[in-house]
Amino acid sequence: MDSERTLREARRLTPEGQLVFEENVRQFTSKLRIQHRYIDMILGDIHEHTQMTKPLACTYKQELMKHLKEYEEISRKYDDYLVSQRCDESSRERSSHSLISSSLQQQVVSKAIDNLEAMLQTFDMEELNKVKTEQLTQIIQPPDAFRGPQKAKVEAAKTRAKFAQEEVELMRKQTAIQADMKRLSVKHDIEEVDCELRVLNENL
């Protein structure tokens, strides 16, 4: 019934009206293509970024929603214009536009926005867990009033250990020197004995 009424109400465009209609269609579709191109560029950038950050995801979501809103506003005005024309050309154009518009909004952009929203929720949960962990760490750690003396004791122990290590090193060097001197003394005694033996042998 509605289709029959639409056919009865459909009007035939004059040559001048056809030119005006085609020009208006061209302007509307040009504006829609511009927004579609922006959306495609954003979706391409999202696909290329394998390491997504929260600021980047937030920016992409805002840009997608912005251009989708502009696309929908132009699309609504375009649809109103096509309905107002009541001709076969506008009916065909409206069917084609409706198919493209619904496919873009429901299948492509909406899915991308949902994915970005899920990423942002994940980032928020990670930040919340980080804050909770830091708060728990502050609770577990002793207050500064208690940490001060403990830190001083630790630093003093480190200093004592450092000097003890240096003392051990000096003692090790001293022991090595004493051992070298002992070996030198023994060597000297041996050479003296050898010298005396040679002299005795020569006098025999």
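These remarks concern the structure in this document. If you're wondering where the values come from, they're calculated on a predicted model, not measured in any experiment. (Residues numbered from 1 in each chain as written. Predicted model: local features only at pLDDT ≥ 70, side-chain atom pairs only at ≥ 80, totals over all residues. Heavy atoms only, no water.)

So, about the overall build of the chain. From N to C terminus, the chain includes five helices and zero strands. Ordering the α and β elements of the chain from the N terminus gives α-α-α-α-α. Counting only carbon and sulfur atoms, one obtains 56% of the accessible surface of the chain, whose full area is about 16100 Å². (Helix = DSSP H or I, 4+ residues; strand = E, 2+ residues; numbered from the N terminus. Areas by Shrake-Rupley, 256 points an atom, 1.4 Å probe, with all protein chains shown as cover.)

Within this model, the second largest pocket holds a volume of roughly 160 Å³. Along its surface, the second largest pocket is lined by T29, L32, R33, H36, Y71, Y78, E93, S96, H97 and I100. Listing elements by their share of the lining of the second largest pocket, those giving two or more residues are helix 2 (15-48), helix 3 (54-85) and helix 4 (88-140). (1 Å grid on protein atoms, 1.4 Å probe; cavity = no way out; pocket = protein on both sides within 12 Å on 5 of 7 lines; lining within 4 Å. Points joined across faces, edges and corners; volume = space filled by probe spheres on them.)

A cluster of nonpolar residues, I34, Y38 and M41, forms a patch on the protein surface that exposes about 280 Å² of accessible area. Within the secondary structure, Y38 is located in helix 2. Y38 gets classed as partly exposed once you look at its relative accessible area, which sits at 38%. (Patch = residues over 30% accessible without salt bridge, like charges linked within 9 Å, V, L, I, M, F, W, Y side chains within 5 Å. Salt bridge = Lys/Arg side-chain N within 4 Å of Asp/Glu carboxyl O. Buried < 20%, exposed > 50% of the residue type's maximum accessible area, 1.4 Å probe, protein only.)

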